[in-house]
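Survey of secondary and tertiary structure
Now for the letters of each chain:
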Amino acid sequence: MVDDKEVVRKALTDAGVKPLPGRFLDFLDPWGNRIEIVGYENIQFTKAPHVLRGMGFADLAKSAEAVKELADKDMAP
């Protein structure tokens, strides 16, 4: 999970790492493990506001789609 997936995409490209085909940002590590990079705004779990502040991520927010998925499960932040 990252706060800016496009920054990671660029760093991987700059390092010569080729993403796997598809709509996700996946790649294989040197041992063949598949790694998926997910932006925080698109995941369903959330951290408490004080935890985000402590991590220096107070400005991170969920996408409307992620909030809806959480609300559908009665887990909206």
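Higher on the page you've got the structure.
All of these numbers come straight from a predicted model, not from anything done at the bench. (Residues numbered from 1 in each chain as written. Predicted model: local features only at pLDDT ≥ 70, side-chain atom pairs only at ≥ 80, totals over all residues. Heavy atoms only, no water.)

Remarks on the overall build of the protein chain
Keep this limit in mind: Strands are runs of DSSP state E lasting at least 2 residues, helices are runs of H or I lasting at least 4, and numbering of each runs from the N terminus. Each radius of gyration is computed over the set of C-alpha atoms, and the globule rule expresses the reference value as 2.2 Å times the number of residues to the power 0.38. Accessible area is worked out with a 1.4 Å probe on protein chains only. A residue is then buried under 20% of its type maximum, exposed over 50%, and partly exposed in between.
Counting its secondary structure elements, the protein chain contains 3 helices and 2 strands. Shown N-terminal to C-terminal, the secondary structure of the protein chain runs as helices and strands in the order α-β-β-α-α. Against the 2.2 N^0.38 benchmark of 11 Å for 77 residues, the protein chain shows a C-alpha radius of gyration of 15 Å, more extended than a compact globule. Viewed in the frame of its principal axes, the protein chain has a C-alpha envelope of about 40 × 30 × 20 Å. Across the 77 residues that make up the protein chain, the buried fraction comes to 19%.

A closer look at the environment of D59
Tracing the backbone through its elements, the reader meets D59 in the loop between α2 (49-55) and α3 (64-72). The exposed category is assigned to D59, whose relative accessible area is 78%. Spatially, the C-alpha atom of D59 lies 12 Å from that of A48, the residues being 11 residues apart in sequence.

Overview of the nonpolar core
If you look at soluble globular proteins, the nonpolar side chains tend to sit buried side by side. Put simply, the rule is: For our purposes a nonpolar core is just a set of buried Ala, Val, Leu, Ile, Met, Phe, Trp, Tyr and Cys residues, chained together by side-chain atoms within 4.5 Å. In this analysis, two residues are considered to be in contact whenever any of their non-hydrogen atoms come within 4.5 Å of each other.
Formed by V2, L12, L25, F27 and I37, the largest nonpolar core amounts to 5 residues. If near-sequence neighbours (up to four positions away) are discounted, L12 is found in contact with V17, L25 and F27.

Observations concerning the side chain of D26
Applicable threshold: Polar contact criterion, stated in full: a pair of N or O atoms within 3.5 Å, where within protein one must be able to donate a hydrogen and the other to accept it, and residues adjacent in sequence count only if both atoms are side-chain atoms.
Mapping D26 onto the fold places it in strand β1 (residues 25-28). A polar contact of 2.9 Å, which involves the side chain of D26, links it to the side chain of R34. Not counting residues up to four positions away in its chain, the partners in contact with D26 are P19, L20, R34, I35, E36 and I37.

Thoughts on the pattern of salt bridges
Counted only if it meets this: One side-chain nitrogen of Lys or Arg within 4 Å of one carboxyl oxygen of Asp or Glu is enough to make a salt bridge.
Scanning all chains against the criterion turns up 4 salt bridges. A salt bridge links R9 to E6, with the nearest nitrogen and oxygen atoms 2.9 Å apart. Here the residue R9 and the residue E6 both occupy positions in helix α1 (residues 5-14), the gap between them amounting to 3 residues, near one helical turn. Given the relative accessible area of 27%, R9 is considered partly exposed.

As for the layout of surface pockets
What counts, and what does not: The rule is simple: put a 1 Å grid over the protein atoms alone, call a set of points where a 1.4 Å probe fits but cannot get out a cavity, call an open set with protein on both sides within 12 Å along at least five of seven lines a pocket, and count a residue as lining if it has an atom within 4 Å of a point. Grid points are joined across faces, edges and corners, and a volume is the space filled by probe spheres set on the points. Under this grouping Gly is polar, as are all residues other than the nonpolar Ala, Val, Leu, Ile, Met, Phe, Trp, Tyr, Cys and Pro and the charged Asp, Glu, Lys and Arg.
Here the largest pocket defines a volume of roughly 180 Å³. Residues that form the lining of the largest pocket fall into these classes: 3 nonpolar, 2 polar and 3 charged.

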